[in-house]
Number of protein chains: 2
Amino acid sequence: MIRIGLDIGGTGIQTGIVDDSGHILERSAVVTRTDLPFSEQIAQMADCCLKMLEHGGYSLLDVASIGAGVPGVADPKTGEVIFCTNLGWHHVPFREEFRKHIDKPVFIDNDATVAGLAESVAGVSAGTSSSVFITLGTGVGSGIILNGRIWSGAHGVGSELGHAILELDGEPCSCGNRGCLERYCSATAIIRMAREQVVRHPESSIMTACKGDIQAINAKMVFDAAREGDPLGVKIFRRYVFCLAQALASVCNVLDPEVIVLGGGVSKAGSFLLDALRVEVPKYILYKDLPSSRIELARLGPDAGIIGAAMLS
Amino acid sequence: MIRIGLDIGGTGIQTGIVDDSGHILERSAVVTRTDLPFSEQIAQMADCCLKMLEHGGYSLLDVASIGAGVPGVADPKTGEVIFCTNLGWHHVPFREEFRKHIDKPVFIDNDATVAGLAESVAGVSAGTSSSVFITLGTGVGSGIILNGRIWSGAHGVGSELGHAILELDGEPCSCGNRGCLERYCSATAIIRMAREQVVRHPESSIMTACKGDIQAINAKMVFDAAREGDPLGVKIFRRYVFCLAQALASVCNVLDPEVIVLGGGVSKAGSFLLDALRVEVPKYILYKDLPSSRIELARLGPDAGIIGAAMLS
């Protein structure tokens, strides 16, 4: 049997046919049309899936299930998208609507949760029964797998590690609170630190990389500067590693998963970041002499969205 | 059938016979003798249980299981106490040792976890499938129940919410890190704030309550002052509620349990504290328009240790 996964994003919807081991056999995509009512958006997604099946030489009889990851809050029990800012969706009965077009079991969950599931089935945390996936991008998302099952909360609003508090009265967050973890552990945090500090250190190679336009600074420029030994780059990198290590130590102390998996744009720094975290996190965990969570880099990259969605059940 | 629960503390071991609904039918206790080797300590505990059974008119045939909650790290799978500072125990094979005296199924877990289980079986969170129990005492402990089962981590070192970071570079903690949640949300935190601030506000009724001896200040004095409208008492109470509300909002955003249960000495402030938290926490959660965790006060008090231990399985 095959499964279909949909990775629903604000600009495009990536779809794929996935086998039981989590390999993508066929792909397609459709542009997100937030100008259309949700029923038409969902009709387009279903149509994209049907064409992909046809192109791959599959029939609906081959399809075990269809799953979708959405960048927002979904209720896995009812199949409803409760809230999705990027799509402008509020209380959209996704499952009900999708099944008007393809009458198969339809599952839905948050996109970071789905990516975490993918890693735990076919990625770096495969074979573990508990993992916390953390995506370090513009914001910080997370997916929690415990006893081999997704945990997204009793009301489906959990697994938002990016909005755990890391600093009382800290940096203002777009959510309205202050000091949220994602204000310190996202790519945005790296960029903020660099913009604030580079004006006092115009000699930094970060200034060269952004050609003097501090609005053009990105996280990669800062990490590249750190790798080359640029003092400001190193300082910002160390502070970022400290903040993220405190966040990961909190995950160890509270959830103690077998593995913590780091994904998202910042994780592309690879072993430069991973090695630093593996030195730093053990300093902050409570039981320093006892076994604790391994820290790993995600393996599936952007495919995690399709694979994890297909694996929903 | 009946079950036996042991609440193992640093000064005394409370034991009880508990029925299937979580009612304590018979009680006994034995003094903790950290001067003895663990084998003799455990022999005394087993002896206490046997005498309690006899006193209550029960035989070993009536006993389904025996459970123990310890103030430290326990491995529920092996039945080993990995680490318990108060008892001076390191890698003590509790189950193996106890079964030399009473050959019944023996279970073990952390004391805060066990208290959380008790509340979820016979207390305020009975009937829910997910809850986070938080004990606000000298430190902050916690017990996590998800899908009706205890979650204490892949390595048994999780569920230590008191050592999640609430402030980067914050107050030094006894664990060696800085900014741990328990530095802001424990009775100790209330006392610290009062001691720091009362010297600048000698007119505060806190100073009267402690008879000018700031070492004698306790959390109840501060909350009583707040209730009476003493400005310093009110200020410290509000700051404490703010810090705890940030911590509880983080629990809502990450774990999203059906219920958060507050126990421990500070929770004896009752509705004065609960009402304030129920106003404050919703301000800081991510999805303000969606259903979220209820906040409740623990109901079982100190009995939770015996009841929860008996309910381990």
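Residues numbered from 1 in each chain as written. Chains lettered and ligands numbered in written order. Predicted model: local features only at pLDDT ≥ 70, side-chain atom pairs only at ≥ 80, totals over all residues. Heavy atoms only, no water.

Novice: Could you clarify how one ought to interpret the relation of the copies chain A and chain B in this entry?
Specialist: In this structure, two copies of a chain are linked by a rotation about an axis accompanied by a shift along it. Placing chain A over chain B gives an RMSD of 0.0 Å and needs a rotation angle of 180°, together with 0.0 Å of translation along the axis. On this basis, the relationship between the two copies can be described by a two-fold rotation axis. Relative to the rotation axis, the C-alpha of glutamate 167 of chain A is the closest in chain A, positioned 2.0 Å from it. The overlap is high: 100% of the interface residues of chain A also sit at the interface in chain B, so the same surface is used on both sides. (Least-squares fit on C-alpha atoms with pLDDT ≥ 70 in both. Contact = heavy atoms within 4.5 Å.)

Novice: How should the sheet that holds strand E13 (residues 294–297) of chain B be read in this particular structure?
Specialist: Hydrogen bonds between backbone atoms are what pair the strands of a sheet, whose relative direction is either parallel or antiparallel. Residue and element names in this part refer to chain B. The mixed open sheet is built from 5 strands, whose spatial order is E11-E10-E9-E12-E13. Edge strands, defined here as strands with exactly one partner in the open sheet, are strand E11 (149–150) and E13. Packed onto the sheet, helix H3 (residues 111–122) meets strand E9 (131–136), strand E10 (140–146), E11 and strand E12 (259–263) and runs at close to 50° relative to E10. (Pairing = 2+ DSSP bridges. Helix = DSSP H or I, 4+ residues; strand = E, 2+ residues; numbered from the N terminus. Axes fitted to C-alpha atoms, helices over the stretch in contact; angles between N-to-C directions.)

Novice: Explain the pattern of salt bridges here, please?
Specialist: Residue and element names in this part refer to chain A. Tallied over the entire structure, the rule returns 30 salt bridges over all chains. Put simply, glutamate 296 and arginine 294 hold a salt bridge, and the shortest N to O gap is 2.9 Å. In this structure glutamate 296 comes out as buried when scored by relative accessible area, which is 16%. Under the relative-accessibility criterion, arginine 294 is labelled partly exposed at 39%. Connected through shared salt-bridge partners, Glu171, Arg192 and Glu196 make up one network. (Salt bridge = Lys/Arg side-chain N within 4 Å of Asp/Glu carboxyl O. Buried < 20%, exposed > 50% of the residue type's maximum accessible area, 1.4 Å probe, protein only.)

Novice: It is not clear to me how the environment of tyrosine 58 of chain B should be interpreted in this structure. Could you clarify?
Specialist: All names here are of chain B. Considering the arrangement of structural elements, one finds tyrosine 58 in the loop between helix H1 (38–56) and strand E4 (63–70). Look at tyrosine 58 and you get partly exposed, because its relative accessible area is 26%. Taking the C-alpha atoms as reference, tyrosine 58 lies 26 Å from glycine 301; in sequence the two are 243 residues apart. Ignoring sequence-local partners within four residues, the contact set of tyrosine 58 consists of Ile2, Ile17, Leu25 and Leu53.

Novice: Please clarify how H1 of chain B should be interpreted in this entry.
Specialist: Because each turn of an α-helix spans 3.6 residues, side chains separated by three or four positions in sequence point in the same direction. All names here are of chain B. With 19 residues, H1 extends 27 Å from end C-alpha to end C-alpha; this agrees with the ideal 27 Å at 1.5 Å per step. Of all the residues in H1, the buried ones are Gln41, Ile42, Met45, Ala46, Cys48, Cys49, Met52 and Leu53. Down the axis of H1, the sector holding all buried residues measures 150°, keeping them to one side. Across from the buried face of H1, at angles greater than 90 degrees, the exposed residues are Lys51, Glu54 and His55. For H1, the secondary structure elements touched by its buried residues are strand E1 (2–8), strand E2 (12–18), strand E3 (24–31), E4, strand E7 (89–92) and helix H2 (94–98). Directly beyond the C-terminal end of H1, a positive phi value near 80° is found at glycine 57. (Expected span 1.5 Å × (residues − 1). Arc of directions from axis to C-beta.)

Novice: Looking at this structure, I do not really get the sheet that holds E2 of chain B. What am I missing?
Specialist: Residues and elements named next belong to chain B. Spatial strand order, E3-E2-E1-E4-E8: 5 strands in an open sheet with mixed pairing. Strands at the two margins of the open sheet, each flanked by one partner only, are E3 and strand E8 (106–110). In this sheet, neighbouring strand axes are inclined to one another by 20° on average, regardless of whether the strands run parallel or antiparallel. With 7 bridges connecting them, E2 and E3 associate as antiparallel partners. Counted as the bridge partner of isoleucine 17 is glutamate 26 from E3.

Novice: I keep staring at the interface of chain A and chain B and nothing clicks. Help me out?
Specialist: Counting residues at the interface gives 49 residues for chain A, matched by 49 residues for chain B. Ranking the residues of chain A by area buried against chain B places Trp151, Leu168 and Tyr287 of chain A at the top, with a combined share of 16%. On inspection of chain A and its partner chain B, the count reaches 2 salt bridges. A salt bridge links aspartate 169 of chain B to arginine 239 of chain A, with the shortest nitrogen-to-oxygen separation between them at 2.9 Å. Among the elements of the structure, strand E6 (80–84), strand E10 (140–146) and helix H8 (231–254) of chain A are those that each provide at least two residues to the side of chain A that touches chain B. The dominant element in the side of chain A that touches chain B, judged by the number of residues it contributes, is H8 of chain A, at 8 residues. (Buried area = accessible area lost by both parts, 1.4 Å probe.)

Novice: I keep staring at the side chain of histidine 163 of chain A and nothing clicks. Help me out?
Specialist: Positionally, histidine 163 of chain A belongs in the loop between strand E11 (149–150) and helix H4 (182–185). On the basis of relative accessible area, histidine 163 of chain A is assigned to the buried category, the value being 7%.

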